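Examination of the molecular architecture
Here are the chains, one letter per residue:
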Amino acid sequence: DAGVTQSPTHLIKTRGQHVTLRCSPISGHKSVSWYQQVLGQGPQFIFQYYEKEERGRGNFPDRFSARQFPNYSSELNVNALLLGDSALYLCASSFRTGNTEAFFGQGTRLTVV
Amino acid sequence: EDQVTQSPEALRLQEGESSSLNCSYTVSGLRGLFWYRQDPGKGPEFLFTLYSAGEEKEKERLKATLTKKESFLHITAPKPEDSATYLCAVQAPSSASKIIFGSGTRLSIRP
């Protein structure tokens, strides 16, 4: 079975631009979560979607948005990019919300210049 | 405020030298504690879930234990391939969807 897949793997954007990151969960998993990981720190929770509805949101500005599609894949959008948005963006999939282990993709390395 | 603190930040061991990593947490009403392994430039790899004090889980050279205030990841006779960052995370009681991660412990095993 394929694991969690994310695209693209690397991305370079200019300040002020917009970016869309994509995630396909493990087959059968209905929940997708997004995390931001800055170098040397643990991942920080951004969003969780379950059955196409937002189920949780972390402390990130409104420039960050996401959605989940009928096939359970997901997109993370970031508008008006800042230098501080440079990070590894991780997608995690799980069967449901709550106390279930999450399986992570390889991440998208975003660099804002 | 819900918080997860890991120590030490970095640990260098000789191959075969056993040790423990610590994860202390301050959450009211723990719903689950997770350990992950992360290699450089890659996503975290799930290792264990612990739910209640006294619970223990093992996988190869790793054993995770849980008390009411902290969790330990014991590494027995480590090998160079165990070198990685080990992340601890807890299920936030305020939100079933939110997982709070610590900053991790960077483990390096010298041959």
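The paragraphs below set out a description of the structure included in this document. These figures come from a predicted structure and were not determined experimentally.

Now for the interface of chain B and chain A. Each partner contributes residues to the interface: chain B has 21 residues there, and chain A has 21 residues. In total, chain B and chain A occlude about 1700 Å² of area from one another, counting both sides; carbon and sulfur atoms represent 52% of this. At the boundary of chain B with chain A, the tally comes to 0 salt bridges. Joining chain B to chain A, the criterion identifies 2 residue pairs in polar contact (both at pLDDT 80 or more). For the side of chain B that touches chain A, the secondary structure elements donating two or more residues are strand E4 (33-38), strand E5 (45-50), strand E9 (84-91) and strand E10 (99-101) of chain B. Per-element accounting of the side of chain B that touches chain A gives the leading share, 3 residues, to E4(B).

A full pass over the atoms with the stated rule returns 2 disulfides over all chains. Through a disulfide, Cys23(A) is tied to Cys91(A); the S-S separation comes to 1.8 Å. The S-S bond linking Cys23(A) to Cys91(A) shows a torsion near -60°; that makes this disulfide left-handed. One end of the pair, Cys23(A), is in strand E3 (residues 19-24); the other, Cys91(A), is in strand E9 (residues 87-94), and 68 residues separate them in sequence. Cys91(A) sits in the buried class, given a relative accessible area of 0%. The partner cysteine of Cys23(B) in its disulfide is Cys88(B), sulfur to sulfur 2.0 Å. Across the disulfide from Cys23(B) to Cys88(B), rotation about the S-S bond amounts to roughly -60°, and the bridge is consequently left-handed. Of this pair, Cys23(B) sits in strand E3 (residues 19-26) while Cys88(B) sits in strand E9, placing them 65 residues apart in sequence. Each member of the pair, Cys23(B) as well as Cys88(B), carries the same accessibility label: buried.

What follows deals with the environment of Ser86(A). Residues and elements named next belong to chain A. By secondary structure assignment, the location of Ser 86 is in the loop between strand E8 (74-78) and E9. By relative accessible area, which is 26% here, Ser 86 ends up partly exposed. For the pair Ser 86 and Thr 111, spaced 25 residues apart in sequence, the C-alpha separation works out to 4.6 Å. Ignoring any residue separated from it by four or fewer positions in sequence, one finds Ser 86 in contact with Leu 110, Thr 111 and Val 112. Of the polar contacts made by the side chain of Ser 86, one reaches the backbone oxygen of Leu 83; its length is 3.0 Å.

Before going further, it helps to examine the packing of aromatic side chains. Throughout the structure, instances matching the rule amount to 10 aromatic pairs over all chains. Ring geometry for Phe60(A) versus Phe64(A): centroids 5.1 Å apart, planes at 65°, classification edge-to-face. A residue is classified by how much of its surface remains accessible, and Phe64(A), at 2% relative accessible area, is buried. Among the aromatic residues, ring-to-ring pairing joins Tyr35(A), Phe45(A), Phe103(A), Phe104(A), Tyr36(B), Phe46(B) and Phe101(B) into one connected group.

About the cut-offs
Residues numbered from 1 in each chain as written. Chains lettered and ligands numbered in written order. Predicted model: local features only at pLDDT ≥ 70, side-chain atom pairs only at ≥ 80, totals over all residues. Heavy atoms only, no water. Contact = heavy atoms within 4.5 Å. Buried area = accessible area lost by both parts, 1.4 Å probe. Salt bridge = Lys/Arg side-chain N within 4 Å of Asp/Glu carboxyl O. Polar contact = N/O pair within 3.5 Å; in protein donor to acceptor, adjacent residues only side chain to side chain. Helix = DSSP H or I, 4+ residues; strand = E, 2+ residues; numbered from the N terminus. Disulfide = S-S within 2.5 Å. Buried < 20%, exposed > 50% of the residue type's maximum accessible area, 1.4 Å probe, protein only. Phe/Tyr/Trp six-rings, centres within 6.5 Å; stacked < 30°, edge-to-face > 60°.

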